[in-house]
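Structure assessment
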Amino acid sequence: GDHFSMVDRDLLFLDDKGQQGGSKLGEIFSDDAPGDTGGDAFQYKRPKQPKKVDTPAPATATAAAATPAAQKGADQIVHSARVDANKHNGVSYESQGTCGMALLTNPTQNTYNLLIYLPSNQPVCYTPVAYDFIFAIQSEVYGSFRDAGNVAWTCRFDSAAEATKFAEKIEEAKKSASVQSTDIEAGKSAFRVLPGDTLGVLFTGWLENPDGSKGAVFDSNATSPDLFKFVLGRGEVIKGWDMGLVGMRKEGVRRLRVPAPLAYGATSPSPKIPANSNLIFEITLKRVKKGPAHQKDEAPAAAPAAAAPTTPAAAPAAAPAP
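What counts, and where the lines are drawn
The residue numbering used here restarts from 1 in each chain and proceeds along that chain's sequence as written. With pLDDT at 70 or above as the cut-off, local features in this predicted model cover only qualifying residues; side-chain atom pairs require 80 or more to be listed or tallied, and sums for whole chains, interfaces and linings still use all residues. Water and hydrogen atoms were dropped before computing side-chain values, which therefore reflect all heavy atoms in the structure. Helix and strand labels come from DSSP, where a helix needs a run of H or I of at least four residues and a strand needs a run of E of at least two; each type is numbered from the N terminus. A simple rule labels every residue: compare its accessible area, found with a 1.4 Å probe on the protein chains alone, to the largest value its type can have, and call it buried under 20%, exposed over 50%, or partly exposed in between. Computed by Shrake-Rupley with a 1.4 Å probe, the accessible areas treat only the displayed protein chains as cover when residues are assessed. A pair of Phe, Tyr and Trp rings is counted when the ring centres sit within 6.5 Å of each other, with Trp represented by its six-membered ring. The angle between the planes then sorts it: under 30 degrees is stacked, over 60 is edge-to-face, the rest tilted. We treat two strands as partners when DSSP finds at least two bridges between them. Pairs of N or O atoms are called polar contacts if they sit within 3.5 Å, as long as, within protein, a hydrogen donor faces a hydrogen acceptor (for residues adjacent in sequence, only side-chain-to-side-chain pairs). Every case where a carboxyl oxygen of Asp or Glu lies within 4 Å of a side-chain nitrogen of Lys or Arg is listed as a salt bridge. Residues belong to a common nonpolar core when they are buried Ala, Val, Leu, Ile, Met, Phe, Trp, Tyr or Cys residues joined through side-chain atoms within 4.5 Å. In what follows, a contact means two residues having at least one pair of non-hydrogen atoms within 4.5 Å. Every helix has an expected span of 1.5 Å times one less than the residues it contains. This arc describes the spread of directions from the helix axis toward the C-beta atoms.

1. Remarks on the overall build of the protein
Counting secondary structure elements, the protein contains four helices and 15 strands. Of all 322 residues assigned to the protein, the portion counted as buried reaches 40%. When the accessible area of the protein is evaluated, it comes to approximately 18,000 Å², of which 52% is carbon and sulfur surface.

2. Observations concerning the packing of aromatic side chains
The final tally for this structure, using the stated rule, is 12 aromatic pairs. Relative to F166, the ring of F157 lies with its centre 5.6 Å away and its plane at 45°, an arrangement referred to as tilted. This pair shows no difference in class: F157 is buried, exactly as F166 is. Look at F228 and W241: their rings are 6.0 Å apart centre to centre, the planes differ by 75°, and that puts the pair in the edge-to-face class.

3. What about the pairing of strand β3 (residues 74-88)?
Alignment of β3 against strand β4 (residues 93-106), held across 12 bridges, turns out to be antiparallel. Among the inter-strand pairings, R82 is bridged to a residue of β4, identified as G100. Joining the antiparallel neighbours β3 and β4 is a turn of four residues, in which G90 adopts a positive phi near 100°. As judged from the five bridges shared by β3 and strand β9 (residues 152-157), these two strands associate in the antiparallel manner. Residue pairing for β9: A85 is matched across the bridge by C155.

4. Remarks on the environment of D211
Looking at the secondary structure, you find D211 in the loop between β11 (198-208) and β12 (214-220). The exposure class assigned to D211 is exposed, which follows from its relative accessible area of 64%. Looking at D211, its side chain comes within polar contact range of the side chain of S213, at 2.6 Å.

5. Focus: the pattern of salt bridges
Once their charged atoms are close, side chains differing in charge can pair, the charge on each being opposite to the other. In total, this model carries eight salt bridges according to the counting rule given. Note that E172 is salt-bridged to K169, the shortest N-O span being 4.0 Å. Of this pair, E172 and K169 both sit in helix α2 (residues 160-176), separated by three residues, roughly a single helical turn. Residue classification places K169 among the buried positions, given a relative accessible area of 17%.

6. A word on the nonpolar core
M101, I116, F135, F145 and F166 are the most contacted members of the largest nonpolar core, which has 24 residues in total. At the level of secondary structure, the elements contributing two or more residues to this core comprise β3, β4, β5 (111-117), β6 (123-128), β9 and α2. When residues of this core are assigned to their parent elements, the largest contribution, five residues, is made by α2. When residues no more than four places from it in sequence are discounted, the contact partners of F145 are M101, L114, I116, C125, T127, F133, I134, F135, V151, A152 and W153. Ranked by size, the runner-up nonpolar core spans 23 residues in total, among them F230, V237, L262 and A263.

7. Let's talk about α2
Its 17 residues give α2 an end-to-end C-alpha distance of 25 Å, which sits within 8% of 24 Å, the value for a rise of 1.5 Å per residue. For α2, the full list of buried residues reads A163, F166, A167, K169, I170, A173 and K174. For α2, the angular spread of buried residues about the axis comes to 160°, placing them on one side. Exposed and facing more than 90 degrees away from the buried side of α2 are A161 and K175. The elements touched by buried residues of α2 are β3, β4, β5, β7 (136-138) and β9.

8. Concerning the pairing of β5
With seven of seven residues buried, β5 lies mostly within the body of the structure. Of the two faces of β5, the one holding T111, N113, L115 and Y117 and the one holding Y112, L114 and I116 are both buried throughout. Where β4 folds back onto β5 in an antiparallel hairpin, the turn is made up of four residues, including N110, whose phi is positive at roughly 55°. In this structure, β5 lies alongside β6, joined through five bridges in antiparallel fashion. Considered in β6, the bridge of I116 is made with C125.

Structure (structure tokens):
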């Protein structure tokens, strides 16, 4: 069935001038279509709200994953290719026919998404490409992944080269969507911090400029006598810190580049931080209170079991008298 009929019937692709039918997405279905349409832009027309019905349509994980992110802002094509798409129905794979597959970026939201769409431009899958997204190449020409609803997809590319190229673009997107860390000073402690440790830090945070450089400072306690304290890995700080500070040593200094989805996303805690901002931090680790994870590593080794007493060898029998 058409899982998008309730919410995406009016979903249209527009070209750069806002005209229907001019999207470069459709060009991928021509016989001489190039494999890379990076840099082309299109927009989603915001879908109309579905009419309320007495019997709700069956909820599908794919539809739930496909629609919300697509309704805001403009997506830009990073890379696209023609594929034969297959979706798992819980028992076996069902062919979706010849489709386009596009890796998209939304510069406004600083996010990446993977779109699979029919020649009519109707989407059949729209799922986030985050730092932990897995896109596996199998038998050289198949790309396999699971969408946000944990539905399995496998798509056959026209060639091994196209499959490899698409996988490389996915990896580049994942890197951009991941926390990037650089140790400015390594630190002096013999141990590295682990989730569950209580940390006391000095830090400065900057907005990231479009060219990746430091922008305006939005927060800092670098000159304060008071350390900022929190338990690592407990969700007391942004996810980018919980991920990016693991492995630091006391007195170490680490720079983190945190993409918006791992920072504050669309919900800003301060007027100094615009929504969907990538952030840069420099963090000095001043104090550490070890958590339970260290106790396992530092437990004293059990004393070796006492050796069983040995029975002295029997004396050799006396030689018989001549």
